[in-house]
Amino acid sequence: MSKSTTVLAVALGLVVAAAGFLVWETAFLNSLLLGLASGLWISILVILVTGGLWLASYETDSPAWSIAAGAASVVGAIVLVGGGIFGSYWADQAYLKQVTVASTDAAPTLRERPALVVARNQVASQVTTVGDQKQSAYIPDTGSTETGTDRFATLIASKDAFAGYTEIVSQKVALTGQSTKDNCRFAPDAGKRLDGVLTANLTRWIAQMAGYGTFWDSNDAYGYCEASTPIVVVPLKHLQGIWPVIEVPAGVAVYNGTTGDLQVLHGKDASSVRGPSVPETYARTLWEATTAQGNWWDYVWSKVGFADTASDAADPNGENRSEFVLATTDGKLAFVTPLTRRGASTGISAVSVTTATTGDGLPAMTIYEYPDGTTRKSNSAAVDQIRAQFGDLSWA
């Protein structure tokens with residue numbers, strides 16, 4: 001190999017290494033900071049203090065240092081073991097501060113909509129570009145009282161890992177299931193996506209714009225068409241508290257599919273997007289925290305609280321069984337989940353309604369509980385009843 005060829009190969013290797021470091025650095029540093037903030041710092045502190053005391057004891061051969069090191073080891077073990085045993089319970093207790101329970105008589109009136117699975121099953125026939133289906137979401141038009149203005153939107157990603165999204169399939173779906181589309185396509189200048197590689201990586205850009213310590217779940221992301229402009233919305237979270245540490249909403253990242261611009265919006269500004277500005281996973285965390293409504297022993301054995309309809313194996317909603325995005329009749333956006341009691345029950349005993357838009361303070365959840373003796377039938381039981389009564393119809 002000639003000297004010039006060797007130099008060229010080394011230079012190319014350095015360029016590739018530098019590019020890889022830039023991608024790795026943001027993700028690594030952000031993950032490290034999140035790990036420390038989530039409670040890892042306590043473990044590190046215990047290890048450093050006890051290790052330092054034992055080292056001092058070894059170097060000085062002093063009984064005082066030995067006693068201090070032994071005491072620190074005992075205290076450290078209590079802190080670490082206690083945190084491991086009680087940490088999740090304390091965290092769920094913190095989440096419960098945003099949860100209230102009321103009667104279904106006080107529940108808001110919600111606008112009806114088709115099931116998400118109905119729209120999702122029609123995406124393949126409505127897509128106009130070559131790509132893979134990503135997240136699907138229901139986008140209510142809370143500013144209109146007219147029917148037919150809501151949309152189901154699905155992000156379509158390019159099959160090229162080094163490219164972004166290609167279009168958003170925007171469907172108007174009637175309650176009877178018929179669908180029409182008014183899609184919007186991404187411009188060449190908007191070539192990034194959440195799972196893109198190198199220059200197509202939207203994740204790294206969001207981390208840089210939102211700041212270290214901010215994170216998100218890609219399943220919370222969604223898109224919609226603003227006229228002919230594709231919009232990608234990524235609801236954000238950050239950690240709050242010292243011990244326990246909980247996850248709370250932190251605004252949204254908004255990616256413009258025409259200009260390629262990225263904005264990070266906080267507070268009430270985040271509610272300017274047409275869909276939820278609160279992460280769907282946050283709403284799920286709140287009702288899951290109801291297992292902490294009792295004491296720690298009840299928590300360990302899941303003796304109290306609510307669950308979704310996952311125990312109903314024949315639930316027609318399938319995987320889309322919780323956090324339904326619905327609009328109230330007064331134009332507010334909410335995550336709604338049918339809930340059952342913990343255990344073998346499949347009957348619907350409550351419905352959770354979580355604010356889906358950010359404002360002042362943390363979004364709250366209200367669990368509207370059916371009175372004793374009025375538990376609603378499970379979804380699968382309702383389907384069985386329809387089939388029994390209308391078995392002569394082909395769709396039943």
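Residues numbered from 1 in each chain as written. Predicted model: local features only at pLDDT ≥ 70, side-chain atom pairs only at ≥ 80, totals over all residues. Heavy atoms only, no water.

A closer look at the overall build of the protein
- Secondary structure summary: the protein contains 9 helices and 16 strands in total.
- Every one of the 396 residues in the protein was classed for burial, and the buried ones make up 41%.
- Sequence separation of at least 24 residues holds for 58% of the intrachain contacts in the protein that already meet a minimum separation of 6.
- When the accessible area of the protein is evaluated, it comes to approximately 20,400 Å², of which 59% is carbon and sulfur surface. (Helix = DSSP H or I, 4+ residues; strand = E, 2+ residues; numbered from the N terminus. Buried < 20%, exposed > 50% of the residue type's maximum accessible area, 1.4 Å probe, protein only. Contact = heavy atoms within 4.5 Å. Areas by Shrake-Rupley, 256 points an atom, 1.4 Å probe, with all protein chains shown as cover.)

A closer look at the pairing of strand β4 (residues 165–173)
- With 8 of 9 residues buried, β4 lies mostly within the body of the structure.
- In the sheet, β4 pairs with strand β6 (residues 184–185) via 2 bridges, with the strands oriented antiparallel. Note that in β6 the partner of Ile 168 across the bridge is Cys 184.
- In this structure, β4 lies alongside strand β5 (residues 179–181), joined through 3 bridges in antiparallel fashion. (Pairing = 2+ DSSP bridges.)

Thoughts on the state of the cysteines
- Enumeration according to the criterion identifies 1 disulfide in this entry.
- Cys 184 shares a disulfide with Cys 225; S-S distance 2.0 Å. Judged by the torsion about the S-S bond (-90 degrees), the Cys 184/Cys 225 disulfide is left-handed. Here Cys 184 is found in strand β6, whereas its partner Cys 225 is found in strand β8 (residues 222–226), with 41 residues between them in sequence. Across this residue pair, the class does not change: Cys 184 and Cys 225 are buried. (Disulfide = S-S within 2.5 Å.)

Here we look at helix α7 (residues 280–288)
- Those residues of α7 that sit buried are Tyr 282, Ala 283, Leu 286 and Trp 287. The buried residues of α7 all sit within an arc of 135 degrees when viewed along its axis, so they share a single face. (Arc of directions from axis to C-beta.)

Points about the pattern of salt bridges
- In the structure shown here, the tally under the stated rule is 10 salt bridges.
- The salt bridge involving Asp 195 is made with Arg 193; its shortest N-O contact spans 2.7 Å.
- For Arg 284, the salt bridge goes to Glu 323, with nearest N and O atoms at 3.7 Å. A residue pair is termed long-range when its members are at least 10 positions apart, and Arg 284 in helix α7 and Glu 323 in the loop between β12 (306–307) and β13 (324–327) qualify at 39 residues.
- Judged by relative accessible area, which is 30%, Arg 284 ranks as partly exposed.
- Take Glu 323: its relative accessible area is 5%, and that puts it in the buried class. (Salt bridge = Lys/Arg side-chain N within 4 Å of Asp/Glu carboxyl O.)

Describing a nonpolar patch on the surface
- Nonpolar side chains collect at one region of the surface, where Trp 90, Ile 242 and Trp 243 lie side by side and expose about 340 Å² of accessible area between them.
- Looking at where Trp 243 falls in the secondary structure, it is placed in the loop between β9 (229–240) and β10 (246–256).
- With a relative accessible area of 41%, Trp 243 lands in the partly exposed category. (Patch = residues over 30% accessible without salt bridge, like charges linked within 9 Å, V, L, I, M, F, W, Y side chains within 5 Å.)

Some remarks on the nonpolar core
- Leu 194, Ile 206, Tyr 224, Val 234 and Leu 236 are the most contacted members of the largest nonpolar core, which totals 34 residues.
- For this core, the secondary structure elements donating two or more residues are β2 (132–139), β3 (151–157), β4, α5 (202–210), β8, β9, β10 and β11 (262–265).
- Residues contacting Leu 194, with those up to four places away along its chain left out, are Gln 135, Tyr 165, Asn 201, Leu 202, Thr 203, Ile 206, Trp 216, Ser 218, Ala 221 and Val 234. (Core = buried A, V, L, I, M, F, W, Y, C linked by side-chain atoms within 4.5 Å.)

A closer look at the pairing of strand β16 (residues 365–369)
- When you tally the buried positions in β16, you get 4 out of 5 residues, the bulk of the element.
- The sheet contact formed by strand β15 (residues 350–355) and β16 spans 5 bridges and is antiparallel. Across the sheet, the residue bridging to Val 351 is Tyr 368, located in β16.

A look at the side chain of Ser 349
- Mapped onto the elements of the fold, Ser 349 is located in the loop between β14 (333–341) and β15.
- The class for Ser 349 is buried, based on a relative accessible area of 7%.
- If sequence neighbours within four positions are ignored, Ser 349 has contacts with Phe 306, Leu 339, Thr 340, Arg 341, Glu 369, Tyr 370 and Thr 375.

Focus: the confidence of the model for the protein
- Overall, the prediction assigns the protein a mean pLDDT of 80, with 81% of residues at 70 or greater.
- Mean pLDDT in the protein bottoms out at helix α1 (residues 3–60), which sits at 66, and peaks at β11, which reaches 92. (pLDDT = per-residue confidence, 0-100.)

Some remarks on unusual backbone geometry
- For Leu 198, which is not glycine, the phi dihedral falls at a positive 55 degrees.
- With respect to the helices and strands, the residue Leu 198 is situated in the loop between β6 and α5.
- Residue Leu 198 is classed as partly exposed on the basis of its relative accessible area of 39%.
- Backbone geometry at Ala 227 places phi at a positive 60 degrees, although glycine is not the residue there.
- Topologically, Ala 227 is positioned in the loop between β8 and β9.
- For Ala 227, a relative accessible area of 70% translates into the label exposed.

Section: the environment of Val 197
- Tracing the backbone shows Val 197 in the loop between β6 and α5.
- Taking the relative accessible area as the measure of exposure, Val 197 reaches 31% and is therefore partly exposed.
- Along the primary structure Val 197 and Asp 160 are separated by 37 residues, whereas in three dimensions their C-alpha atoms are 9.3 Å apart.
- Apart from residues no more than four positions distant in its own chain, Val 197 is found in contact with Ala 161 and Phe 162.

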